[in-house]
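Here are the chains, one letter per residue:
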Amino acid sequence: MSVSPAFRRQLEGYSLTTAEILYHLPDHPHLLQSFVWQHHDLFPEFPELRRFLAFWQETLDGPLHSVKVAHSRLIKPAELRAIDGEFRLH
């Protein structure tokens, strides 16, 4: 049985990364448009995001204004909480 490539990357430290990219509209440079990018990436270097932003700057017409990045590890220890009490159902 083989392991999926996405799961393997998570075990290597990749986590879900979301970037909100604001860019200037080519025909109306004073207006900003939002684009949301989401991919598994490696914190803190973000090689996938850097590759995408390089592609954007080389290929697309809308100049970048700003990029906000958020990420969350998908595989992490379970969060357990002790609870006082016991419920019995008959």
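In short, a report on the structure. Along each chain, residues carry numbers from 1 onward, in the same order as the chain's sequence is written. Restriction of local features to residues with pLDDT of at least 70 applies here, the model being predicted, together with a cutoff of 80 or more for giving and counting side-chain atom pairs; totals for whole chains, interfaces and linings are based on all residues. Values reported for side chains reflect all heavy atoms of the structure, with hydrogen atoms and water molecules removed beforehand.

**A word on the overall build of the chain**
Here's step 1: Looking only at helices and strands, the chain has two helices and three strands in total.
Here's step 2: Here a strand is any run of E in DSSP of at least two residues, a helix any run of H or I of at least four, and the numbering for each starts at the N terminus. Helices and strands appear in the chain in the N-to-C order α-β-β-α-β.
Here's step 3: Only protein chains enter the accessibility calculation, which uses a 1.4 Å probe. A residue is then buried if its area is under 20% of the maximum for its type, exposed if over 50%, and partly exposed in between. Counting only residues that meet the buried cut, the chain has 19% of its 90 residues in that class.
Here's step 4: A contact between two residues is defined here by any heavy atoms of the two lying within 4.5 Å. Long-range contacts, defined here as pairs at least 24 residues apart, represent 59% of the contacts in the chain between residues at least 6 apart.

**With respect to the nonpolar core**
Here's step 1: A19, I21, Y23, W37, F46, L49, F52, L53 and W56 form the largest nonpolar core, which has nine residues in total.
Here's step 2: Beyond its immediate sequence surroundings of up to four residues, F52 is in contact with I21, F35 and W37. Nonpolar cores are built from buried Ala, Val, Leu, Ile, Met, Phe, Trp, Tyr and Cys residues. Side-chain atoms within 4.5 Å join them into one set.

**Focus: the packing of aromatic side chains**
Here's step 1: The pairing test for Phe, Tyr and Trp rings, Trp by its six-membered ring, is centres within 6.5 Å, and the orientation test on the planes gives stacked under 30 degrees, edge-to-face over 60, and tilted for anything in between. Scanning the entire structure with this criterion turns up seven aromatic pairs.
Here's step 2: Aromatic pair Y23 and W56: ring centres 4.9 Å apart, planes at 65°, arrangement edge-to-face. Note that Y23 is positioned in strand β1 (residues 14–24) and W56 in helix α2 (residues 47–59), a separation of 33 residues in sequence.
Here's step 3: By relative accessible area, which is 16% here, Y23 ends up buried.
Here's step 4: Relative accessible area serves as the criterion here: at 5%, W56 is assigned to the buried category.

**Regarding the environment of L32**
Here's step 1: Take L32: it is sitting in strand β2 (residues 32–42).
Here's step 2: Sequence separation between L32 and I21 is eleven residues; the distance between their C-alpha atoms is 9.8 Å.
Here's step 3: The residues contacting L32, other than those within four sequence positions of it, are Y23, H24 and H65.

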